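# Working through the structure, step by step
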Amino acid sequence: MNIHEFQAKQLLARHGVAVPEEEVCASAEAARHAAGQILACGNKRIVIKAQIHAGGRGKGTFKSGYQGGVKLCQTADEAFEIAGAMLGNVLVTKQTGPEGRLVSKVLVAAAPVILKELYCAVLLDRATSRPMVMASTEGGMDIEEVAAKHPEKIIKEPVDPSLGWMPFQGRKIGAALGMKGDLIASAATFFGGLYKTWLECDAGMVEINPLCIVAGADGRESLMAVDAKIGLDDNALYRHPDLQAMRDLAEEAPLEIEAGKHKLNYIKLDGNIACLVNGAGLAMATMDIIQHYGGMPANFLDVGGGATREQVTAAFKIILSDPNVKGILVNIFGGIMDCDVIAAGIVAAVKETGLPLPLVVRLEGNNVVAGRQTLAQSGVAIITAGSMADAAEKIVKAVGK
């Protein structure tokens, strides 16, 4: 589950990470009031940030023609004007796609004096099955670009799960980033709080870009999370009702919300061949083989290892709600799952929805003979396939691409 920047900073601050003074606002008048209070505390500049679940906001463009979802200003009246231009309008960035995202909230924050921009993140290193803290001197850039062009500039600090995060590791990262003096002690506190946020929130990733070295009013340097992104592990949310309350359904695709109600893993894509598969690995392979034969998958849809007839019917209805879908490929390998149960679910779904599209079904595994008989005797228009390659080739041909 993704959360907004302001929510991510609230979680970081809760665990001892320094963040700017800020307030989230849903109206231009509220933004003016918040800016006035922040300026009254001695801050010289304000930054107004559109709050959507997408990156690239600063370089984005509103459909109204207004440029940029991140703006600096120096007065409360400027904050009012900027917030008014953002709120209620759709922001398009490189991550939103052409449809963009509606901005319903803005973050009004103090803009500190930034001396240097850095990067850091906490995530699970799947190669070692251990948590890892990453950092780089190349703040403000996409970490993928840094990894591709300057891999030597990425610092990696693994964490021993039996010991947890140790203060010396924070000092070690600080030194590797070129920090000295008081900043080294600041780094120990900062990275400790960062790791604690990741661990206690059951986060998939905590990313600070940029992590900034800022100058205080007294001239002392310190570390501050000027921007933040946190992705939470959906499977652990039952332990965190406070984090569940942070979910913003307006930022999620309606079909994905509906799929979640039926415990289906669904992600909409841009193609026209829908996939209904059990198992994430098989689903990825199915999408790959569709592309291999010249088609484009319309979705990722994993019904899980124990899907019921009702879930299969719900999956068909979700698929048919996408107007781009021109054909459906069902690819089921029955391990725990009974192929005959799935076959019955497919037949019921086709009859209930009056499926107007070509449907190719490939079944293999547990009770597959009975499943194939159920399909053959159903009286509905189903194209059967004996292998993944056969299924992909048939559905691509059926949709005409």
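Residues numbered from 1 in each chain as written. Predicted model: local features only at pLDDT ≥ 70, side-chain atom pairs only at ≥ 80, totals over all residues. Heavy atoms only, no water.

A word on the overall build of the chain. The helix and strand inventory of the chain stands at 13 helices and 19 strands. With the C-alpha coordinates of the chain rotated into their principal frame, the extents come out at 80 × 50 × 40 Å. Across the 401 residues in the chain, those meeting the buried criterion constitute 48%. Here the contacts in the chain between residues at least 6 apart in sequence split such that 68% fall between residues at least 24 apart. Distance from the positive charge centre (39 side chains) to the negative charge centre (44 side chains) of the chain: 2 Å. (Helix = DSSP H or I, 4+ residues; strand = E, 2+ residues; numbered from the N terminus. Buried < 20%, exposed > 50% of the residue type's maximum accessible area, 1.4 Å probe, protein only. Contact = heavy atoms within 4.5 Å. Lys, Arg positive; Asp, Glu negative; His and termini not counted. Charge placed at Lys NZ, Arg CZ, Asp CG, Glu CD.)

Mapping threonine 96 onto the fold places it in the loop between β5 (90-92) and β6 (101-102). Side-chain polar atoms of threonine 96 contact the backbone nitrogen of threonine 93, separated by 2.9 Å. Beyond its immediate stretch of four places on either side in the chain, threonine 96 contacts Ile52, Ala54, Leu91 and Arg101. (Polar contact = N/O pair within 3.5 Å; in protein donor to acceptor, adjacent residues only side chain to side chain.)

What the three strands build is an open sheet, ordered β3-β5-β6; its pairing is antiparallel. For this open sheet the edge positions go to β3 (61-62) and β6, each flanked by a neighbour on one side alone. (Pairing = 2+ DSSP bridges.)

Counted by the stated rule, this structure contains four aromatic pairs. Among the aromatic residues, those joined into a ring-pair cluster are Trp165, Tyr195 and Trp198. Positioned over the ring face of phenylalanine 80 is arginine 32, at 4.0 Å from the centre of the ring. (Phe/Tyr/Trp six-rings, centres within 6.5 Å; stacked < 30°, edge-to-face > 60°. Lys NZ or Arg CZ within 6 Å of the ring centre and 35° of its normal.)

Our next topic: the side chain of glutamate 138. The topology assignment puts glutamate 138 in the loop between β9 (130-136) and α4 (143-149). Among the polar contacts listed, one links the side chain of glutamate 138 to the side chain of threonine 137, at a separation of 3.1 Å. Excluding residues that lie within four positions of it along the chain, glutamate 138 makes contacts with Tyr119, Val146 and Lys153.

Here we take up the packing of helix α5 (residues 167-176) against helix α6 (residues 182-200). At a closest axis distance of 7 Å, the pairing of α5 and α6 adopts a crossing angle of 125°. In terms of orientation, α5 and α6 fall into the oblique class. Relative to α6, α5 is oriented so that their crossing is right-handed. In contact with Pro167, Gly170, Arg171, Ile173, Gly174 and Ala175 of α5, α6 contributes Ile184, Ala187, Ala188 and Phe191. Of the residues in the contact of α5 with α6, the class split is seven nonpolar, two polar and one charged. (Axes fitted to C-alpha atoms, helices over the stretch in contact; angles between N-to-C directions. Parallel < 35°, antiparallel > 145°, perpendicular 65-115°, else oblique. Left-handed = near helix turned anticlockwise from the far one by under 90°. Nonpolar A, V, L, I, M, F, W, Y, C, P; charged D, E, K, R; others polar.)

With that settled, consider the environment of arginine 239. Mapping arginine 239 onto the fold places it in the loop between β13 (229-232) and α7 (241-244). Put simply, arginine 239 and aspartate 202 are 37 residues apart on the chain and 9.0 Å apart in space, counted from C-alpha to C-alpha. There is a polar contact of 3.0 Å between the side chain of arginine 239 and the side chain of aspartate 202.

This part takes up the sheet that holds strand β1 (residues 22-25). As summarised here, the arrangement of the four strands in space is β1-β7-β2-β4, forming an open sheet in which the pairing is antiparallel. Of all strands in the sheet, those bounded by a partner on one side alone are β1 and β4 (70-73). Averaged over all adjacent pairs, the angle separating strand axes in this sheet is 20°, with direction ignored. Relative to β4, strand β2 (residues 46-50) runs antiparallel, the two being bridged by four bridges. The partner of isoleucine 46 across the bridge, within β4, is cysteine 73. Contacts from helix α3 (residues 76-86) reach β2, β4 and β7 (106-110) within the one sheet, and its direction differs from that of β4 by about 165°.

Below, the discussion takes up the confidence of the model for the chain. For the chain, the mean per-residue pLDDT works out to 91, and 99% of the residues sit at or above 70. Of all secondary-structure elements in the chain, the lowest mean pLDDT belongs to helix α8 (residues 254-261), at 80, while β7 reaches the highest, 97. (pLDDT = per-residue confidence, 0-100.)

The next thing to look at is the pattern of salt bridges. Counting across every chain of the model gives 18 salt bridges. Among the salt bridges present, the one from lysine 172 reaches glutamate 157, with a minimum N-O distance of 3.1 Å. Of this pair, lysine 172 sits in helix α5 while glutamate 157 sits in strand β10 (residues 154-158); the two residues are 15 residues apart in sequence, bridging distant segments of the chain. On the basis of relative accessible area, lysine 172 is assigned to the partly exposed category, the value being 48%. A salt bridge links lysine 394 to aspartate 390; the nearest nitrogen and oxygen atoms lie 3.3 Å apart. Residue lysine 394 and its partner aspartate 390 are both found in helix α13 (residues 388-399); the two are separated by four residues, about one turn of the helix. Owing to a relative accessible area of 31%, lysine 394 belongs among the partly exposed residues under this scheme. Salt bridges sharing partners connect three or more residues here, namely Glu5, Lys9, Glu22, Lys49, Arg57 and Asp227. (Salt bridge = Lys/Arg side-chain N within 4 Å of Asp/Glu carboxyl O.)

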